[in-house]
Amino acid sequence: MEQYDVIVVGGGIIGLCAAFAMKEAGVKRLLVIERAWCGQGSTSKATGGIRTQFSSPINVQLSLRGRDYFTRWEEIYGSDPGFHPIGYLFVTADEQRGETLLAQVPQQRALGVEVESLDNRDLHHIVPGMRQEDIRVALLTPRDGVADPGAAVMSVEAACRRQGIKILEHTPVQALVVQGTRITGVRTEAGDIFSSDRVLAATGAWTAPLLSTCGISVPISPHHRQVYRTLPVPDWPTRMPLSVDLDTGLYCHSDGPAVVFGGGDRDATAGYDDTPRPMDVANLIDALVYRWPRLAAAQIERTWAGLREMTPDDHGIVGMIPQRQGLYVAAGFSGHGFMQAPAVGEIIATLMTGQSSAYGLDALDPARFLGPTKGEAYVF
Ligand SMILES: Cc1cc2nc3c(=O)[nH]c(=O)nc-3n(C[C@H](O)[C@H](O)[C@H](O)COP(=O)(O)OP(=O)(O)OC[C@H]3O[C@@H](n4cnc5c(N)ncnc54)[C@H](O)[C@@H]3O)c2cc1C
């Protein structure tokens, strides 16, 4: 039976960043077990947006730290993640929603976010073609942007392998193995047992079924999200911020001469089906064409879909499960796991090596759902 210091279940961006950070922090024998290819879960389906506008201080801090990694990614992980700091814009035509957003700005600035409030003239220059006469509040973070999730996850995987971390792909974990209240390892579908007194569940949208194998329940539910890419749009600006209309949940950004858009599906019923549903596009097109009338003639070239791993308060769940000594979780990032992954990796490394975290972790505590929690306002 192979023995490890830490076993990570899940080879997505969270599990791999955590494994890399643990190795850097001195954890020696590390095993990552992935049931498919690394990155094949939600990570490779993500849009790759990186933004620092949140209402919750911990979400701001994790994304700021994550963005810092994206600017130095190649130096840290060895290859280019395709990060483009094109900016990230939230707009609303709703007065009350606008007031809620503006109320967050002083806290965001105090935490180091360079957020700018735009008027209609600014909007005209920065996002030409956007209907703006009804917009009441527009907030831009110019240093945010988008990266390529496929490129990013592959570079972290390669960095992990170079560091001597063992990665087993095509190896589904069937169950977490416990003795009394202590974790002792994992059992794969093939019946192999790998031993460790510390196991990290970094299994994204599939974390609830994995933890249920040792009697633990976590409120992470899988929500379908679909993304669309158009054919090249004539005279479309090749560089504009990733823009979110918070009233409809629509987001949109340029991808060279094409446009990528999605969202508007936050209230969809939870479920594990992650196949594309082209029939869902009609409502979204209405929202898109309202905000960007010129896109009425755009044609969709490609659609893809994945699962977002949502929690009731739109914060990740990070830390040890109190009822199972040695069982840690880093999952449920509710649509912001790609951008937050490097910072989450650092947190896991501090927890596993007994150091104190630079962040207050109460808002991520696995036990927090026993009491009242505070939700995130910037969700779409
Ligand atoms: C369409 C879409 C757009 C998104 N856009 C953004 C965005 O713009 N910005 C952003 O920050 N985030 C975005 N997200 C969210 C982001 O993709 C996730 O938060 C992030 O990828 C989570 O990473 P993860 O490693 O936790 O999960 P995953 O990438 O899903 O990795 C978990 C891994 O665990 C494996 N696994 C599961 N069960 C087992 C098992 N029993 N045994 C072994 N392996 C197992 C899975 O195969 C998977 O590879 C988006 C998500 C979607 C679907």
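Residues numbered from 1 in each chain as written. Predicted model: local features only at pLDDT ≥ 70, side-chain atom pairs only at ≥ 80, totals over all residues. Heavy atoms only, no water.

So, on to the layout of surface pockets. Space inside the second largest pocket adds up to approximately 420 Å³. In terms of lining, the second largest pocket is formed by 21 residues, of which the most central are T47, V146, A147, H253 and D255. Breaking the lining of the second largest pocket down by element, the ones donating at least two residues are β16 (250-255) and β18 (300-310). For the lining of the second largest pocket, the element with the most residues is β16, which contributes three residues. Viewed by domain, the lining of the second largest pocket spans two of them, domain 1 (2-47 + 150-220 + 313-370) and domain 2 (88-142 + 221-310), each represented by three or more residues. (1 Å grid on protein atoms, 1.4 Å probe; cavity = no way out; pocket = protein on both sides within 12 Å on 5 of 7 lines; lining within 4 Å. Points joined across faces, edges and corners; volume = space filled by probe spheres on them. Helix = DSSP H or I, 4+ residues; strand = E, 2+ residues; numbered from the N terminus. Domains from an automatic or database assignment.)

Next up on the list: the site of the ligand. Close to the ligand lie 35 residues, the nearest being E34, S42, T43, G49 and E309. One of the backbone N or O atoms of G335 is found 3.0 Å from a nitrogen atom in the ligand. At a separation of 3.1 Å, an oxygen atom of the ligand approaches a polar backbone atom of F338. Contact with the protein chains hides 96% of the accessible area of the ligand, taken as 990 Å² for the molecule alone. If you list the elements that add at least two residues to the shell around the ligand, you get α1 (13-24), β14 (221-230), β18 and α9 (337-352). (Near = heavy atom within 4 Å. Polar contact = N/O pair within 3.5 Å; in protein donor to acceptor, adjacent residues only side chain to side chain. Areas by Shrake-Rupley, 256 points an atom, 1.4 Å probe, with all protein chains shown as cover.)

Of note, Q132 is situated in the loop between α5 (120-126) and β7 (137-141). Accessibility expressed as a relative area gives 13% for Q132, which makes it buried. Beyond its immediate sequence surroundings of up to four residues, Q132 is in contact with N120, L123, H124 and R291. (Buried < 20%, exposed > 50% of the residue type's maximum accessible area, 1.4 Å probe, protein only. Contact = heavy atoms within 4.5 Å.)

Looking now at the nonpolar core. Core analysis: the biggest nonpolar cluster contains 71 residues, and I13, M22, L200 and I348 have the highest contact counts within it. When residues of this core are assigned to domains, at least three map to each of domain 1 (2-47 + 150-220 + 313-370) and domain 2 (88-142 + 221-310). Dropping the residues within four chain positions of it, L200 is found in contact with I7, V8, V9, A18, M22, Y328, V329, A330, I348 and M352. (Core = buried A, V, L, I, M, F, W, Y, C linked by side-chain atoms within 4.5 Å.)

Right, let's get into the side chain of D5. The topology assignment puts D5 in the loop between β1 (2-3) and β2 (6-9). Those residues within four positions of D5 in sequence are excluded, and the remaining contacts are V27, K28, R29, S196, D197 and R198.

What the domain assignment lists for the chain is domain 1 (2-47 + 150-220 + 313-370) and domain 2 (88-142 + 221-310). Facing 14 residues of domain 1, the contacting portion of domain 2 comprises 16 residues. Among the residues of domain 1 in contact with domain 2, K45, T47 and A205 are the three that bury the most area, contributing 40% of the side total. On the surface where domain 1 and domain 2 come into contact, there are one salt bridge. When the shortest N-O distance is used, the salt bridge between D314 and R266 registers 3.0 Å. Joining domain 1 to domain 2, the criterion identifies seven residue pairs in polar contact (both at pLDDT 80 or more). The residue inventory of the side of domain 1 that touches domain 2, partitioned by class, reads six nonpolar, six polar and two charged. (Buried area = accessible area lost by both parts, 1.4 Å probe. Salt bridge = Lys/Arg side-chain N within 4 Å of Asp/Glu carboxyl O. Nonpolar A, V, L, I, M, F, W, Y, C, P; charged D, E, K, R; others polar.)

What follows covers unusual backbone geometry. Phi is positive for H170, close to 50°, though the residue is something other than glycine. In this structure, H170 sits in the loop between β9 (166-168) and β10 (173-179). Its relative accessible area of 47% is what places H170 among the partly exposed residues. Here the phi dihedral of D314 falls at roughly 60°; this positive angle occurs in a residue that is not glycine.

Moving on, we get to helix α8 (residues 281-291). Of the positions making up α8, those classed as buried are V281, L284, A287, L288 and R291. The buried side chains of α8 occupy one side of the element, clustering within an arc of 125° when seen end-on. The exposed residues of α8 that point more than 90 degrees off its buried face are N283 and D286. Of the surrounding elements, those touching the buried residues of α8 are β14, β15 (242-245), β16, β17 (258-263) and β18. (Arc of directions from axis to C-beta.)

Below, the discussion takes up the packing of α1 against α9. In contact at an axis separation of 7 Å, α1 and α9 are set at 40° when each is read in the N-to-C sense. By the criterion of interaxial angle, the relationship of α1 to α9 is oblique. Here α1 and α9 pass one another in a crossing that is right-handed. Of α9, the residues touching α1 (which contributes I13, I14, C17, A18, A21 and M22) are G337, F338, A341, P342, V344, G345, E346, I348, A349 and M352. Across the contact of α1 with α9, the residue classes break down as 13 nonpolar, two polar and one charged. (Axes fitted to C-alpha atoms, helices over the stretch in contact; angles between N-to-C directions. Parallel < 35°, antiparallel > 145°, perpendicular 65-115°, else oblique. Left-handed = near helix turned anticlockwise from the far one by under 90°.)

Structurally, V318 can be placed in strand β19 (residues 317-320). Each C-alpha atom, one on V318 and one on Y328, is 7.4 Å from the other, the two residues being 10 residues apart in sequence. Ignoring anything within four residues of it in the chain, the contact list for V318 reads V329, A330, F333, V344, I347, I348, L364, D365 and P366.

A few words on the sheet that holds β17. The sheet built from eight strands is open, its strands ordered β6-β7-β5-β15-β16-β17-β14-β18 with mixed pairing. Of all the strands in the sheet, the pair left with one neighbour each is β6 (116-117) and β18. In this structure, strand β5 (residues 88-92) lies alongside β15, joined through four bridges in parallel fashion. Bridge pairing in β15 links L89 to S243. Strands in contact with helix α4 (residues 95-110) are β5, β6 and β7; relative to β7, the strand with the most contacts, it is inclined by about 30°. (Pairing = 2+ DSSP bridges.)

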